[in-house]
Amino acid sequence: MQKIEHIGIAVKSLAQAIPVYEKLLDTPCYKTETVDSEKVNTAFFLTGENKIELLESSDPEGVIARYIDKKGEGLHHVAFAVADIHAEMSRLKAEGFLLLNEAPKKGADNKLVCFVHPKNTHGVLVEICQEIS
Ligand code: ZN
C-alpha cells in the first residue's frame, strides 16, 4: 500500500459537521459528493497532504446510518491508496483477510474502492482505493 489516502468520519449531518471541521482544520470544505450506490453524502477537506472524508447517510437504512445507530458518530475507516486494486484485493484475500466486496466499487472522489472487514484488522474498517485514471 502506498500511503493513507484519507480518514473517513461518520457524521449524522453534513450541514452541522462541515462548519465544525472548517473551524477545526481552519480550511474550507473543497468538495461534496453523493455516492448513490453507497447511500452516502461525502464532504472532503485537505490539511497539507492529508485528506479527511466526512460521511453522512443519504438514506435512513444506509450503512452509515446503521453504523451511527450502533456505534455513534466518529472514526469510520482508514483508506490506503494502492496502485492496482485488483492485485491488492487478491493479495489480501490470499493473506486471509475478508473483503466486503468481491469486485472494486466506484467510490467518492474518482476512486475504485474495496473494504476489508474489521474483524480481521483488530477492529479497524480498512478501505483500499485506486485513483480512476
Ligand atoms: Zn473512504
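Residues numbered from 1 in each chain as written. Predicted model: local features only at pLDDT ≥ 70, side-chain atom pairs only at ≥ 80, totals over all residues. Heavy atoms only, no water.

1. Things to note about the pattern of salt bridges
Here is step 1: In the structure shown here, the tally under the stated rule is nine salt bridges.
Here is step 2: Here Asp-109 makes a salt bridge to Lys-31, at a shortest N to O gap of 2.4 Å. In this pair, Asp-109 is assigned in the loop between strand 6 (105-107) and strand 7 (111-116) and Lys-31 in strand 2 (residues 31-35), connecting sequence segments 78 residues apart.
Here is step 3: Judged by its relative accessible area of 10%, Asp-109 is buried. (Salt bridge = Lys/Arg side-chain N within 4 Å of Asp/Glu carboxyl O. Helix = DSSP H or I, 4+ residues; strand = E, 2+ residues; numbered from the N terminus. Buried < 20%, exposed > 50% of the residue type's maximum accessible area, 1.4 Å probe, protein only.)

2. Section: the coordination of the zinc ion
Here is step 1: Protein coordination at the zinc ion: the donors are His-6 (NE2), Glu-53 (OE), His-77 (NE2) and Glu-127 (OE), at 2.0 to 2.2 Å from the metal.
Here is step 2: Around the zinc ion, the four donor atoms are arranged such that angles at the metal cover 84 to 167°; this shape is classified as irregular.
Here is step 3: Binding-site remark: the zinc ion is held by donors from one chain whose sequence spacing is H-x46-E-x23-H-x49-E. Taken together, the positions of His-6 in strand 1 (residues 3-10) and His-77 in strand 5 (residues 74-81) put the pair 71 residues apart, joining distant regions of the chain. (Donors = N, O, S within 2.8 Å, 3.2 Å for Na, K, Ca; no water. Tetrahedral: all angles 85-135°; square planar, octahedral: opposite > 155°, others 65-115°.)

3. A short note on helix 2 (residues 63-71)
Here is step 1: Taken residue by residue, helix 2 has Ile-64, Ala-65 and Ile-68 as its buried positions. Looking down the long axis of helix 2, one finds its buried residues gathered within 105° of arc, a one-sided arrangement. For helix 2, the exposed residues set more than 90 degrees away from the buried face come down to Asp-69, Lys-70 and Lys-71.
Here is step 2: Packed against the buried residues of helix 2 are strand 1, strand 3 (40-47), strand 4 (50-57) and strand 5.
Here is step 3: The first or second residue beyond helix 2 is Gly-72, which carries a positive phi of 85°. (Arc of directions from axis to C-beta. Contact = heavy atoms within 4.5 Å.)

4. Structural notes on the sheet that holds strand 5
Strands pair in a sheet through their backbones, by hydrogen bonds, and they do so in one of two ways: parallel or antiparallel.
Here is step 1: Spatially, 2-3-4-1-5-8-7-6 is the arrangement adopted by the eight strands of the open sheet, whose pairing is mixed. Unpaired on one side and paired on the other, strand 2 and strand 6 mark the two borders of the sheet. Across the sheet, the mean angle from the axis of one strand to that of its neighbour is 35°, orientation sign disregarded.
Here is step 2: Of the pairings in the sheet, the one linking strand 6 to strand 7 comprises three bridges and is antiparallel in character. In the sheet register, Lys-106 faces strand 7, and the bridge partner there is Leu-112.
Here is step 3: Sitting on the sheet, helix 2 touches strand 1, strand 3, strand 4 and strand 5, and the angle it makes with strand 4 is about 90°.
Here is step 4: Sheet contacts for helix 3 (residues 85-94): strand 7 and strand 8 (126-131); angle to strand 8, the most-contacted strand, approximately 155°. (Pairing = 2+ DSSP bridges. Axes fitted to C-alpha atoms, helices over the stretch in contact; angles between N-to-C directions.)

5. Some thoughts on the nonpolar core
Here is step 1: Counting residues in each nonpolar core, the largest one holds eleven residues, listed as Ile-9, Val-11, Leu-14, Ala-17, Ile-18, Tyr-21, Cys-29, Ala-43, Phe-45, Ile-52 and Leu-54.
Here is step 2: For this core, the secondary structure elements donating two or more residues are helix 1 (14-25), strand 3 and strand 4.
Here is step 3: Among the elements that make up this core, the one with the highest residue count is helix 1 (four residues).
Here is step 4: Those residues within four positions of Tyr-21 in sequence are excluded, and the remaining contacts are Ile-9, Asp-26, Thr-27, Phe-45 and Leu-54. (Core = buried A, V, L, I, M, F, W, Y, C linked by side-chain atoms within 4.5 Å.)

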